[in-house]
Amino acid sequence: MEPITIVLFGATGDLAKRKIYPALYNLFLDNKLPRSFSLIGLGRREWTDASFQANVEQSLRDFSRRQANDPALLKEFLQAFRYSVLDIGQKKDYQKLLLLIEQREEQLRIPPNRMFYLSVGPEFFETIAANIQDSGLGSANGWKRLVIEKPFGHDLQSARDLNQKLSNAFAEDEIYRIDHYLGKPMVQRLESLQQTNPVIQALWNNRHIANVQITANETVGVEERAGYYDHVGAIRDMFQNHMLQLLMMTAIQLPQKSASDKVRFKKKQVMEALEPLQKQDVGASVIRGQYEAGSIQGKPVIGYTSEPGIAPASKNDTFIAARLQIDDYFWRGVPFYIRTGKRMKEKSTRIVIEFKDPSKQTLSASEDLIAPNLLVIEMSPHEGITLQINTKDPQHKGEFKPIHIDLHPGEKDFPEAYENLIHDAMHGDATFFAHWDEVEMSWAWVEPILEAFEENLVPLHPYAAGTNGPVESDALLAQDGYHWWFDTKPEQEIEAEEGKQYAYNTNH
Ligand SMILES: NC(=O)C1=CN([C@@H]2O[C@H](COP(=O)(O)OP(=O)(O)OC[C@H]3O[C@@H](n4cnc5c(N)ncnc54)[C@H](OP(=O)(O)O)[C@@H]3O)[C@@H](O)[C@H]2O)C=CC1
Ligand SMILES: O=C1O[C@H](COP(=O)(O)O)[C@@H](O)[C@H](O)[C@H]1O
């Protein structure tokens, strides 16, 4: 493993504490960090090396999936951490940083391979990239990489402007744009699921798949991020990035073991084939919603516009459901339904592939007792891949009964998304990072939706917190004869069991 120096901007911040240090520690425990690795943390706070290391240690106690119980191992890990006060706008601080990095590289006898991780607000990206270049930090005789966190722009134009500025200092193949959904273990398995299973590969197309459902529901509300969230909404916060990335990862066709550029090429092809929406037609395919007061797991919660920091008249979207079509040889005619929302009934991130049932055309309604085959890729709160198939139930007069095959039995301790991503960035593997082409095409695709929302061409449907979102999102699928699946049950069935009434029926 190549020795490396990680230069972490925003080392005193929330993301570093909650995600980056625990991920590094778990990689260290798994022997996936180079032994000669060094991390230089930066921030304006007047921390020393010792107080920085104490903060890192505390973050492991609070957030690491494995506890830091072995004092010798912990000490070895923390020795790699140094801190330097740096104000992003102060050029002289970069000169001081360069000296510190060179001193550490000399001490550790390691080459100048430097990974600049920007765990700071996007408003700083441009200044940092320019100062890295001007100070000579990035021009040593080794490699350099830039790791950045979303948001990558606020719309198409601002994303292009940002990219232009970053590319003055870093080449595209040196930029690693984190979309943490691409680091989720089950998303990473989508690739191998197809590549290593000829049966699944053969079924991965419009001849066999009826529809695809991609859900990322959260129970949390806007939390302490009102200032940010009220300007972005679910469309920018989740849909433009994570949800479209999940769509690309699901829809790519990967016949053999493919290198990173192949995966990216295939993802780009998916985006190119995604049918564009016209602003005036957005309302026919996109449902937007905003949560009202309700209750989640028995606890009352306030509505979005009563949240601290949210404008009482805000028309911001906290829920989006959409129907998308990929107009290519493999997917023509297969609707992809995507939804994401805050303050929903359950935390649940999953992809459900519903297979076609050719016998449906020949059976009468009363004979229609066979559940569809479903492939369910569960990402959160639990990881797993399940296949629903039908069998005869000997205990009930040989009636058909769906059973579920767990494709990853017994696996529990999955790495965190940030472990996978930081590991890959250190190794120069960009497969699971967002390429600029994907970012640009995603912004271009959502642009008519942003405009339609801005001009209020799409109704904002209220939904009670603790539900599955506005009923209009169910109706979107019902129009095509489908319904949302929860796990392997129709969502309405579950809610009917819980005594809720539905105003529409589906033919399933
Ligand atoms: N928190 C999370 O879970 C997630 C965060 N992100 C993204 O990650 C980035 C960081 O978020 P988060 O950690 O939550 O933010 P925080 O506000 O918690 O931290 C911001 C960091 O930036 C540093 N900083 C701010 N201004 C300056 C400056 N002028 N000079 C030097 N350092 C500065 C702060 O250091 P100091 O105060 O010491 O100067 C601090 O370390 C954001 O882009 C966010 O959108 C993405 C996904 C999840
Ligand atoms: O990027 C974001 O993701 C989280 C949801 O992530 P998950 O891994 O818990 O599904 C979301 O809460 C946040 O608003 C958004 O910025």
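The numbers attached to residues start from 1 for each chain and follow its sequence in the written order. To label them, take the chains in the order written and letter them from A, then take the ligands in the order written and number them from 1. Selection of residues for local features in this predicted model requires a pLDDT of at least 70, selection of side-chain atom pairs for listing and counting requires 80 or more, and totals for whole chains, interfaces and linings are taken over all residues. Heavy atoms throughout the structure, all of them, feed into the side-chain values; hydrogens and water do not.

1. What to know about the overall build of the protein chain
Helices and strands together make up the secondary structure of the protein chain, namely 15 helices and 19 strands. In terms of C-alpha radius of gyration, the protein chain reaches 24 Å, essentially the compact-globule figure of 23 Å for 508 residues. Only protein chains enter the area calculation, which uses a 1.4 Å probe; residues under 20% of their type maximum are buried, those over 50% are exposed, and those in between are partly exposed. Taking all 508 residues of the protein chain together, the buried fraction comes to 53%. Any two residues having at least one pair of non-hydrogen atoms within 4.5 Å are treated as being in contact. Once local pairs closer than 6 in sequence are excluded, the contacts in the protein chain between residues at least 24 apart make up 76%. Only runs of H or I of at least four residues qualify as helices and only runs of E of at least two qualify as strands under DSSP, and these elements are numbered from the N terminus. In this treatment the radius of gyration is a C-alpha quantity, and the globule benchmark scales as 2.2 Å times the residue count to the 0.38 power.

2. Things to note about the site of ligand 2
If you check the shell around ligand 2, you find K150, H180, Y181, K184, E218, R225, D237, M238, H242, K342 and K347 and nothing else. The separation between an oxygen atom of ligand 2 and a polar side-chain atom of K150 is 3.0 Å. Between ligand 2 and the protein, one listed contact pairs an oxygen atom with a side-chain N or O atom of H180 at 2.8 Å. For ligand 2, whose accessible area on its own is 390 Å², the fraction buried by protein is 81%. Under this grouping Gly is polar, as are all residues other than the nonpolar Ala, Val, Leu, Ile, Met, Phe, Trp, Tyr, Cys and Pro and the charged Asp, Glu, Lys and Arg. Residue classes in the shell around ligand 2 are distributed as 2 nonpolar, 2 polar and 7 charged. Proximity criterion: a residue is near a molecule or strand once any of its heavy atoms comes within 4 Å of it. Polar contacts, as counted here, are pairs of nitrogen or oxygen atoms within 3.5 Å of one another; within protein the pair requires one atom able to donate a hydrogen and one able to accept it, and residues that are adjacent in sequence qualify only if both atoms are side-chain atoms. Accessible areas in this description were obtained via Shrake-Rupley with a 1.4 Å probe; residue shielding takes into account the shown protein chains only.

3. A few points about the domain arrangement of the protein chain
Domain delimitation follows an automatic or database domain assignment. Domain assignment breaks the protein chain into domain 1 (4-149) and domain 2 (182-413 + 435-479). On a C-alpha basis, the centres of domain 1 and domain 2 stand 35 Å from each other.

4. A short note on the confidence of the model for the protein chain
Each residue carries a pLDDT value, the predictor's own confidence for that position, ranging from 0 to 100. Across the protein chain, the average pLDDT comes to 92, with 92% of residues at or above 70. Counted against residues more than four places away or in other chains, residues 500-508, with its pLDDT under 50, gives 21 contacts. What the predictor reports for the complex is a pTM of 0.93 with an ipTM of 0.98.

5. Re the pattern of salt bridges
Whenever a carboxyl oxygen of Asp or Glu lies within 4 Å of a side-chain nitrogen of Lys or Arg, that contact is scored as a salt bridge. Taken as a whole and judged by the stated rule, the model has 23 salt bridges. Between R160 and E440 there is a salt bridge, with the nearest N and O atoms lying 2.6 Å from each other. You can see R160 sitting in helix α6 (residues 156-166) and its partner E440 sitting in helix α13 (residues 436-454), a full 280 residues away along the chain. Looking at R160, the relative accessible area reads 35%, which means it is partly exposed. A network of salt bridges, in which partner residues are shared, links R65, D413 and E419.

6. A short note on the sheet that holds strand β1 (residues 4-9)
Either a parallel or an antiparallel arrangement is found when strands of a sheet pair, and the pairing is made through backbone hydrogen bonds. Taken together, the 6 strands give an open sheet; going across it, the order is β3-β2-β1-β4-β5-β6, and neighbouring strands pair in parallel fashion. In the strand order of this sheet, the two ends are held by β3 (81-85) and β6 (175-178), each with one partner. Each strand axis lies, on average, 20° off the axis of its neighbour in the sheet, ignoring direction. Direction of pairing for strand β5 (residues 144-149) relative to β6: parallel, over a ladder of 4 bridges. If you follow L146 over to β6, its bridge partner there is I175. We call two strands paired when DSSP finds no fewer than two bridges between them. Helix axes are fitted to C-alpha atoms over the stretch in contact, other axes to C-alpha atoms as well, and angles between N-to-C directions run from 0 to 180 degrees.

7. Digging into helix α5 (residues 125-135)
Taken together, the buried positions of α5 are F125, I128, A129, N131, I132 and S135. Seen along its axis, α5 keeps its buried residues to an arc of 165°; they face one direction. If you follow the buried residues of α5, they end up packed against β1, α4 (91-108), β4 (114-118), β5 and α6. G136, located one to two residues past α5, shows a positive phi value of around 85°. Taking the helix axis as origin, the arc is that swept by the directions to the C-beta atoms.

8. Topic: the nonpolar core
Within the largest apolar cluster, 146 residues are counted, with the highest numbers of intra-cluster contacts made by F9, L24, F77, Y117, F239 and L324. When residues of this core are assigned to their parent elements, the largest contribution, 14 residues, is made by helix α9 (residues 226-251). Counting the residues that make up this core, at least three belong to each of domain 1 (4-149) and domain 2 (182-413 + 435-479). In this structure, L324 is in contact with F239, L244, L247, L274, V334, P335, F336, I338 and W445, ignoring residues within four places of it in sequence. Here, the term nonpolar core denotes a set of buried Ala, Val, Leu, Ile, Met, Phe, Trp, Tyr and Cys residues that are joined through side-chain atoms within 4.5 Å.

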